[in-house]
Amino acid sequence: SQQGEEDPQALSIQEGENATMNCSYKTSINNLQWYRQNSGRGLVHLILIRSNEREKHSGRLRVTLDTSKKSSSLLITASRAADTASYFCATRYGGSQGNLIFGKGTKLSVKP
Amino acid sequence: NAGVTQTPKFRVLKTGQSMTLLCAQDMNHEYMYWYRQDPGMGLRLIHYSVGEGTTAKGEVPDGYNVSRLKKQNFLLGLESAAPSQTSVYFCASSGQGSNQPQHFGDGTRLSIL
């Protein structure tokens, strides 16, 4: 499976700190998306970055994409306890008719 | 705003039993998907549909069947449940186009004894 891989698998920080999660993938992509999953819930779309973009911001989220290294990072600034969740990257490949390939996720714990 | 609704939320089956998981979306999306999520495995695509009356296989289709008779509904069937199908099943939908995000339901937790 051409799966993205998140790093680290788990991350524990204090409220107010920044959290950085990384994603690596294997082949050329159309876009890369980040999703959040709270415990016992479905995934929620956070942000999408296209293959011709290098950086994108949304509120406290900053996503970068380095296609030469086939990697992306998600930065959450000034984290809050409510940010505690699992974060997944998902990549869309050419000709996949809308299909996404999800990584295994990073479990983020933000302690108050 | 309902979004994507999955029923049931929980179910316990015995090996060999059959059941159908229901997914409904109210966003007029063309594309719908069924995934399974297992510990340490992330989400894996079972089947998907790009429009009413069409279905296609994903990464792990064996043991499952699907139907999309109406645009808003996508059904996932297990004809003869096996313990290996114990998982959390998620339905998602999206608009057409490669830059459309997917919208997920809250999942069905299925245990096969």
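Reading the values: rules and limits
- Residues numbered from 1 in each chain as written.
- Chains lettered and ligands numbered in written order.
- Predicted model: local features only at pLDDT ≥ 70, side-chain atom pairs only at ≥ 80, totals over all residues.
- Heavy atoms only, no water.
- Pairing = 2+ DSSP bridges.
- Helix = DSSP H or I, 4+ residues; strand = E, 2+ residues; numbered from the N terminus.
- Axes fitted to C-alpha atoms, helices over the stretch in contact; angles between N-to-C directions.
- Disulfide = S-S within 2.5 Å.
- Buried < 20%, exposed > 50% of the residue type's maximum accessible area, 1.4 Å probe, protein only.

Q: Quick one: what's the story with the sheet that holds strand β8 (residues 73–78) of chain B, residue by residue and with numbers?
A: Residue and element names in this part refer to chain B. Strands sit in the order β1-β3-β8-β7 across an open sheet of four strands; the sheet is antiparallel. At either end of the open sheet lies a strand with only one pairing partner, and these are β1 (4–7) and β7 (64–67). Here the strands of the sheet are splayed against their neighbours by 20 degrees on average, with no regard to which way each runs. Both strand β3 (residues 19–25) and β8 contribute to a ladder of six bridges, which runs antiparallel.

Q: Account for the state of the cysteines, with residues named and values stated.
A: A complete count under the given rule lists two disulfides over all chains for this structure. Sulfur-sulfur distance for the disulfide between Cys23(A) and Cys89(A) comes to 2.0 Å. Its S-S torsion of approximately 65 degrees makes the covalent link between Cys23(A) and Cys89(A) right-handed. Remark: Cys89(A) occurs in strand β9 (residues 85–92) and Cys23(A) occurs in strand β3 (residues 19–24); sequence separation between them is 66 residues. In this structure Cys23(A) comes out as buried when scored by relative accessible area, which is 1%. According to the relative accessible area criterion, Cys89(A) is buried, its value standing at 0%. A disulfide bridge connects Cys23(B) with Cys91(B), and the sulfur atoms are separated by 1.9 Å. The S-S bond linking Cys23(B) to Cys91(B) shows a torsion near -75 degrees; that makes this disulfide left-handed. Residue Cys23(B) is located in strand β3, and its partner Cys91(B) is located in strand β9 (residues 87–94); the two are separated by 68 residues in the primary sequence. As far as the burial class goes, Cys23(B) and Cys91(B) line up, both buried.

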